[in-house]
Amino acid sequence: MRALAAALGCLLAGCAARGGGGAAPATDAPVAPSMMPPAAGASATSPAPATSPSPATAPDRDRVRTAEEARVGALRVLRARGVAEVRWRDASGDHFEQGDADLRWCDGRGIAVSVSKLGERFGWFGSDGVRWWRFDTKATPTRAVVGTVADGGGAGAGGVPSPRLLGLRALRPAAAGAVVLRDGRAWGELEPEAGGRTEAAFDPRTLEPVAVRTVTSTGAVLDAAFEGLFAVETAGAAPGAWPRIPRRVRLRVAGAEGGAATDLMLAFDSAAADAGAADREGLYDFARLRELLKPEVVEDAP
């Protein structure tokens, strides 16, 4: 669990941008990267690929923007629960760790992720959009690390991973850009967000998002792949109008100086637009969290 917490903390803290932050070896038996188990409540197999020919032309940019607005344009708060997994390779072989993830997001306020196993919390990570932080509640001594969201932090480096990188916010192709076909997908550069450059890939038939790639202002590359969409339960809205977010998000954090990457997977089995859970006093307030979690050591990020 320490390695899982370290990997999540690395993504939040932008280790990819600084070229470091590999997870420590785990005691679990090595598991090959191709053996990723399905999330609870998710199908064990991916849907069969469509057999019809790929479209000869890319979808219109405005069609993609409209589809994204319909998908998550109304989503402002979220609580999602599921599983977090991390896989990495070092000199001793392949490693794997897994824990329960509880994600809360409130548009304009921040994002928070808690990781636990058997009801015991191992880490808390979050940001208010200005600063990011991580609490390692099982370290000796217990520890909190806090840093400032740098340029590109909105995209996942130097701070919290962007809601766009997790598919929670609309992936709108930039008005001045074009959507082009590449490797059977429709790719479009997105509107700028907190430095760096981000593009998203869409299924050219359904217009559903399937991937996001960010190159931060420091040159770090962050890749996210989406597997399936599912509905976010929303009170007062007809089920057919509920927002849809990725059921699984696979994130790859590049290794230092060409070393092995760290792969992080978030698989959600429930999601609700729950303001009572996501829009709470102190949830995105480092001072309040520090008072609650009482870390023995507090340090600034290097």
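Quick caveat, the model's predicted, so the values are computed rather than measured.

The rules we used
Residues numbered from 1 in each chain as written. Predicted model: local features only at pLDDT ≥ 70, side-chain atom pairs only at ≥ 80, totals over all residues. Heavy atoms only, no water. Helix = DSSP H or I, 4+ residues; strand = E, 2+ residues; numbered from the N terminus. Buried < 20%, exposed > 50% of the residue type's maximum accessible area, 1.4 Å probe, protein only. Contact = heavy atoms within 4.5 Å. Areas by Shrake-Rupley, 256 points an atom, 1.4 Å probe, with all protein chains shown as cover. Expected span 1.5 Å × (residues − 1). Arc of directions from axis to C-beta. Polar contact = N/O pair within 3.5 Å; in protein donor to acceptor, adjacent residues only side chain to side chain. Core = buried A, V, L, I, M, F, W, Y, C linked by side-chain atoms within 4.5 Å. pLDDT = per-residue confidence, 0-100. Pairing = 2+ DSSP bridges.

Trainee: Quick rundown of the overall build of the protein? Include the residues and the values.
Mentor: On a plain count of helices and strands, the protein comes out with five helices and 14 strands. Burial statistics for the protein: of 302 residues in total, 47% are counted as buried. Counting contacts in the protein only where the partners sit at least 6 residues apart, residues at least 24 apart contribute 57% of the total. With the model as given, the accessible surface of the protein reaches about 14,000 Å², and the carbon-plus-sulfur share is 51%.

Trainee: Would you mind going over helix α3 (residues 61-72) in detail, with residue names and values included?
Mentor: Helix length check: α3 (12 residues) gives 17 Å between terminal C-alpha atoms against 16 Å at 1.5 Å per residue, within 8%. The set of residues buried in α3 consists of Val64, Glu68, Arg71 and Val72. Buried residues of α3, seen end-on, are gathered within an arc of 60° and therefore sit on one face of the element. Along α3, exposed side chains directed more than 90 degrees from the buried face belong to Thr66 and Ala70. The N-capping residue of α3, defined by a side-chain oxygen 2.9 Å from the backbone nitrogen of Asp62, is Asp60.

Trainee: Report on the nonpolar core, specifying residues and quantitative values.
Mentor: Ranked by internal contacts, the top residues of the largest apolar core, which has 38 residues, are Leu78, Leu103, Leu166 and Ile245. Breaking this core down by element, the ones donating at least two residues are α3, β1 (77-90), β2 (93-106), β3 (110-117), β9 (197-202), β11 (221-231), β12 (244-253) and β13 (262-272). Top contributing element to this core by residue count: β1, with five residues. In this structure, Leu103 is in contact with Leu78, Arg79, Ala80, Ile111, Ala112, Val113, Leu166, Leu168 and Phe268, ignoring residues within four places of it in sequence. Counting residues in each nonpolar core, the second largest holds 14 residues, with Trp133, Val146, Phe286 and Leu293 among its members.

Trainee: Go over the confidence of the model for the protein with me, naming the residues and quoting the values.
Mentor: Residues at a pLDDT of 70 or more form 75% of the protein, whose mean pLDDT is 79. Note that pLDDT drops below 50 for residues 12-51; the model gives that stretch 75 contacts with residues more than four away or on any other chain. Of the regions scoring below 50 in pLDDT, residues 151-159 engages in 47 contacts with residues more than four places distant in sequence or in other chains.

Trainee: Describe the pairing of strand β10 (residues 209-215), with residues and values.
Mentor: With five of seven residues buried, β10 lies mostly within the body of the structure. Examined bridge by bridge, β9 and β10 share six bridges and lie antiparallel to one another. Paired with Ala201 across the two strands is Ala211, which belongs to β10. Taken together, β9 and the strand that follows it, β10, pair antiparallel across an intervening segment of six residues, in which Leu207 is found at a positive phi of about 65°. Pairing of β10 with β11 involves five bridges; the strand directions are antiparallel. Paired with Thr214 across the two strands is Leu222, which belongs to β11. Hairpin remark: β10 followed by β11, antiparallel, with five residues in the connecting loop; positive phi at Gly219, about 95°.

Trainee: Describe helix α5 (residues 286-293), and please don't skip the residues or the numbers.
Mentor: Buried residues of α5: Phe286, Leu289 and Leu293, and no others. The arc that holds the buried residues of α5, viewed along the axis, is 60°, so those residues lie on one side. Here the buried face of α5 lies against β4 (120-127), β5 (131-136), β6 (143-148) and β14 (297-300). For α5, the capping residue at the N-terminal end is Asp285, with a side-chain oxygen 3.0 Å from the backbone nitrogen of Ala287.

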